[in-house]
Amino acid sequence: MSGEIIIKKLEAAGLDQVSRFRMKDVGDRPLQQFLRRDALKSGAAHLTTTYVIKRPDAPHVLAYASIMCAEIKLEGAYPIDDKKAAERYSYQPAVRIARLAVCDGCEGLGWGRELVTTVIGVISLSIQPYAGCRFLIVDAKRKSIDFYRKLGFRLLDTEANRALETPLMFMDLKSP
Ligand SMILES: CC(C)(COP(=O)(O)OP(=O)(O)OC[C@H]1O[C@@H](n2cnc3c(N)ncnc32)[C@H](O)[C@@H]1OP(=O)(O)O)[C@@H](O)C(=O)NCCC(=O)NCCS
């Protein structure tokens, strides 16, 4: 990774400035817009929680991940092999990466991985001790599937999921 960075929860505009966050690809503009317009309000409403990356000497947000509580329907495509009959339940508890984005010019510095690692840390330290949460999930844009695969996610292996524009990927967060 290049240079020192800070990873923290998104705070009010005076501390974390989002107005310069830019994504080059037109298809990624909703990710740009969400951070600029909605992330703080969505956090205040407890709909998403956003973690950001900044440089220590500047207030501008350079990358972010927003997460929310969720469920995953495994549809028999993945076994929970450390709990007998877990598949009796259609849905299993999860956290969803609702949005993940690195700003234009900051790709490939390891920040996407850092944000996902931070989210896994939050789940294991601040969620799993208090509420069941077995999976980390994401509806992956096709162009980011290999990125998530590299980080240990796998595609839910059903025909319907494979055909989706943003197929569901998941990581099993069972204790080692
Ligand atoms: C996808 C994204 C978040 C990745 O963040 P990043 O900071 O550029 O990725 P990292 O530098 O942390 O990469 C981690 C690893 O994944 C690889 N990787 C990154 N993007 C990749 C891609 N699109 N395809 C394949 N591999 C990729 C890197 O080479 C690196 O591999 P290494 O560990 O062997 O060196 C970022 O490129 C982005 O914001 N893309 C546009 C928005 C988007 O698609 N978001 C995901 C929404 S589902």
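Keep in mind that this is a model prediction, so the values were computed, not measured.

> Before we move on, could you go through the overall build of the protein and cite the residues and values that matter?
Within the protein, the secondary structure is distributed over four helices and seven strands. Tracing the protein from N to C terminus, the helices and strands come up as β-α-β-β-β-α-β-α-β-α-β. Since a compact globule built from 176 residues should have a radius of gyration of about 16 Å, the 17 Å found for the protein is in line with a globular shape. Once the C-alpha set of the protein is aligned to its principal axes, its extents read approximately 50 × 35 × 30 Å. Residues classed as buried in the protein amount to 28% of the 176 residues present. Pairs at least 24 apart in sequence give 65% of the contacts found in the protein among residues at least 6 apart.

> Would you mind going over the nonpolar core in detail, with residue names and values included?
Nonpolar side chains tend to gather and get buried jointly when the protein is soluble and globular. Ranked by size, the top nonpolar core spans 40 residues in total, and within it Ala63, Tyr64, Leu136, Ile137 and Phe170 carry the most contacts. Top element by residues in this core is strand E4 (residues 91-102). It accounts for six residues. Look past the residues within four positions of alanine 63 in its chain and what remains in contact with it is Val52, Ile53, Ala101, Val102, Cys103, Cys106, Trp111 and Leu115.

> Mind laying out the site of the ligand, listing which residues take part and the relevant values?
Taken together, 20 residues lie near the ligand, and Glu107, Gly112, Arg113, Asp146 and Phe147 sit nearest. Within the residue set of the shell around the ligand, elements represented by two or more residues are E4, helix H2 (111-127) and helix H3 (145-150). For the shell around the ligand, the class distribution of residues is nine nonpolar, four polar and seven charged.

> With reference to specific residues and values, describe H2.
Every α-helix winds through 3.6 residues per turn, so residues three or four apart in the chain are directed the same way. Taking 1.5 Å of rise per residue, 17 residues should cover 24 Å, and H2 covers 23 Å from first to last C-alpha, within 8% of that figure. Taken as a whole, H2 has its buried residues at Trp111, Gly112, Leu115, Val116, Val119 and Ile123. For H2, the buried positions fall inside an angular range of 145° around the axis, keeping them on one side. The exposed set on the far side of H2, more than 90 degrees from its buried face, consists of Gly121 and Leu125. Taken together, the buried residues of H2 touch strand E2 (49-54), strand E3 (63-73), E4, strand E5 (135-139) and H3.

> Requested: an account of the sheet that holds E2, with residues and values cited.
Ordered by their spatial adjacency, seven strands build an open sheet running E1-E2-E3-E4-E5-E7-E6, and the pairing between neighbours is mixed. Either end of the sheet is taken by a strand with one partner, and the two such strands are strand E1 (6-9) and strand E6 (154-155). Here H2 sits on the sheet in contact with E1, E2, E3, E4 and E5, set at roughly 145° to E4.

Here is what the cut-offs are and how they apply
- Residues numbered from 1 in each chain as written.
- Predicted model: local features only at pLDDT ≥ 70, side-chain atom pairs only at ≥ 80, totals over all residues.
- Helix = DSSP H or I, 4+ residues; strand = E, 2+ residues; numbered from the N terminus.
- Rg over C-alpha atoms; globule rule 2.2 N^0.38 Å.
- Buried ≥ 20, exposed ≤ 12 C-beta atoms within 10 Å, placed from the backbone.
- Contact = placed C-beta atoms within 7 Å.
- Core = buried A, V, L, I, M, F, W, Y, C linked by C-beta atoms within 7 Å.
- Near = placed C-beta within 6 Å.
- Nonpolar A, V, L, I, M, F, W, Y, C, P; charged D, E, K, R; others polar.
- Expected span 1.5 Å × (residues − 1).
- Arc of directions from axis to C-beta.
- Pairing = 2+ DSSP bridges.
- Axes fitted to C-alpha atoms, helices over the stretch in contact; angles between N-to-C directions.

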